Structure formats: structure tokens, C-alpha cells
Amino acid sequence: MDFGSGTATDVLAPLRHHGDTETGPGLLDFAVNVQGDGPPEWLRRRLADTVASLGRYPGADADLRARQQVAARHGRRAEEVLTLAGGAEGFAMLPRLAPRRAALIHPSFTEPELALREAGVPVVHVRLDAPYRLDPAVVPESADLVVLGNPTNPTSVLHPVDDILALRRPGRIVVVDEAFMDAVPGETQSVAGHSLPDVLVLRSLTKTWALAGLRCGYALGHPDVLSRLTHGRAHWPVGSLQLEAITACSEPHAVAEAADKALRIAADRDIAVDLLRGAGIDVHTPASAPFLLLRVPGGERVRIALRERGIAVRRCDTFPGLGPDVLRIAVRPRPTTERLIDVLKEIL
């Protein structure tokens, strides 16, 4: 699919696609990368206790507390933290940086490109072929904004820190979408702890903590960059429940719990790779995220057949550089993965 030509509608429509449109009531969900159906009980109680305060507007003290907790979690200053109504809000802010030319590393999550294109920012694709490893040298020198995911959605590739930092140039801002980094054991290759004037990191809490309906995240960057991002932002952009969730999920006990979850996800992913390959299915590895990229002949037919049998998977032809024979599945516990494979065997 050509994302660089055609009418505005033709170009933007695939970029709007999201995995939540693939699933639905009664479907076994491999399409969305949220872990679980809702937050753990301790987090539910924290949020429930905050409901009593909803008669008041979110206060600056609550935002400061959230920023301080996130800063402590990453070894940063509170001034380098911006609370967000989900990582998607951070992407929507990128045009405020007024880039002259933005380079998008693809295949990757398309929401940043959508926000930039809708704002009229000139965009260039830097498409990586399999095995989808970053080569900083292929990014045009003229790009003053570079956006990439790490680990990357949907390829599950984890790029080395040194390669990411090699993208830095005078006058350029490098934006790293680390929405799934807390699902990587040890958060290796994260740049969240690097306090640099030209590197902006976006983090999401909605996947690991099953808070997709609440929309929680944050940005890490130089105060001057964060100030540019918030120019013209509405009052009270992040609600009281969101601020409480950001604070709670950044506390040491929560970070430790997320680390344990990351180990379980990695184990489930290794099992899934072995089972899928045992069934003759091409799985892209190495994989470091809570999802896997599959190459299946007749992928679109397979996706539809799976849905008819009660299983939702993510189509990938809406990601620049991928086609209809590529599907993405979320990592699930072994019994759930075995159900998927049993149905795939019937279809294939």
C-alpha cells in the first residue's frame, strides 16, 4: 500500500486504523496488546478512593505528585515530566514542535504520522526491510524530527540504545515511543533515563496495567521541549483518576510488579514462538514486545476466517511497509495461544 500518494483520505485512512476495531464482544482477543481485562485489585482500590474527589478540578498538587513519582522512577527531574491523557495525546502534540520535515521509521505505530500529516507537516518514510533493524545512516539529514518505536509496534523489534542516540543531530528532536518498554525485562535499551535536550520519550501505562479506557501516560524530555508541546493545551488536560493512576503505577512496588509481568510475558512469548513454528507458521524473531509478527500466506483470508471462528487478530497492511500476508498477535498465556493455533491449523 502506498502511503505517500493519493488523496488525503486515501493516505490518512490506514493510519487511523487501530487494533481495538478488530475485536468485539465474544471474540478471543489477540488483536489488542492490553494485558488483562482490567487493572489489578490494588490499583482498582486506589482509583476507587479517588472517586470521592471528583467534585473538585484536578489540582496542580496532584499533577506535581505524579510528575515527581515518574521522575523518581526514571532518575529525572519533575520538570522533565509531562503527564498525558494516554500516549496518543503526546503524538497529537508533536506538530507544536513545528518541524520542517519529519522522518517516520516504519513499519511502526501510525498515530504519530497521522497527527503530523493532519497538521500539514511534510513527512518522509524511512522503511526498514526485515529484520526491521534500525540503521541511523538511512534517515535523511534534512529531517528535524525523527519518530520511532522501541520496542517497535508491530515488529516487536528492540533497537539498541546506541543506534537510537546515533539519530541525534543539531537542530533535530528524536521522539521515541516506548509504549511497550515496561514489558521488556529490565527495560534494556530504554532511553527514558537519559536526560538529553533533543530526545523526547513517550510512555504509556495502559497496556501493562489494563487502563486503556482511562488513557494514562507521560512524556520525558527537556523542559523547553515540554513547554513547546503544551502551548495552547486545554485546562485540566489530565483528570484526577488519571493522575492517581500515573502516580500509583510509578511507585516502586508497581515498577517491581511490572518487572515480574515482563518476565511472564517473555516466557509466554517464547512458548508461543515454539508452538507457532511447530505448526508451520512463520514468526518474526527476535521479538521483545508483548506481541508477535506472523507472516501467513493469504493473511487477510486467514484473519477473516479466524474472526468467523471467534478469534480476533490484528491486520498489518495498515502499517507502512507491510502487506496483507502479515498479521500481529498479542502474547497470551499458553492455553489461550493453543486455542489460536488449533483454529489456525483448521484454516491453513
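The structure displayed is predicted, hence computed values, not measured ones. (Residues numbered from 1 in each chain as written. Predicted model: local features only at pLDDT ≥ 70, side-chain atom pairs only at ≥ 80, totals over all residues. Heavy atoms only, no water.)

A. Layout of the packing of helix 2 (residues 41-50) against helix 8 (residues 240-249). Helix 8 packs onto helix 2 with a crossing angle of 145 degrees between their chain directions and a minimal axis gap of 9 Å. Relative to helix 8, helix 2 is oriented so that their crossing is right-handed. Taken together, the residues of helix 8 that come into contact with helix 2 (itself represented by W42, L43, R46, L47 and T50) are S240, L241, E244, A245, T247, A248 and C249. (Axes fitted to C-alpha atoms, helices over the stretch in contact; angles between N-to-C directions. Helix = DSSP H or I, 4+ residues; strand = E, 2+ residues; numbered from the N terminus. Left-handed = near helix turned anticlockwise from the far one by under 90°. Contact = heavy atoms within 4.5 Å.)

B. Main features of the sheet that holds strand 10 (residues 291-295). Strand order across the open sheet formed by four strands is 9-10-13-12, with antiparallel pairing between neighbours. Strands with a single pairing partner mark the edges of an open sheet, and in this sheet they are strand 9 (282-283) and strand 12 (314-315). Inspection of the sheet shows strand 9 paired to strand 10 by two bridges, in the antiparallel sense. Bridged to D282 within strand 10 is R295. Contacts from helix 9 (residues 252-278) reach strand 9, strand 10 and strand 13 (326-330) within the one sheet, and its direction differs from that of strand 10 by about 15 degrees. (Pairing = 2+ DSSP bridges.)

C. Fine view of unusual backbone geometry. That bond from A130 to P131 is cis: its omega, 15 degrees, falls within 30 degrees of zero. Summarising the element assignment, P131 is placed in the loop between strand 4 (123-127) and strand 5 (145-149). Residue P154 follows N153 across a cis peptide bond; omega there is 15 degrees. Mapping P154 onto the fold places it in the loop between strand 5 and helix 6 (161-165). The residue Y132 is not glycine, and still its phi comes out positive at about 65 degrees. Here Y132 lies in the loop between strand 4 and strand 5. Note on Y132: relative accessible area 5%, which makes it buried. Phi at A210 takes a positive value of approximately 55 degrees, unusual for a residue other than glycine. Within the secondary structure layout, A210 lies in the loop between strand 7 (199-204) and strand 8 (217-220). Judged by its relative accessible area of 10%, A210 falls in the buried class. (Buried < 20%, exposed > 50% of the residue type's maximum accessible area, 1.4 Å probe, protein only.)

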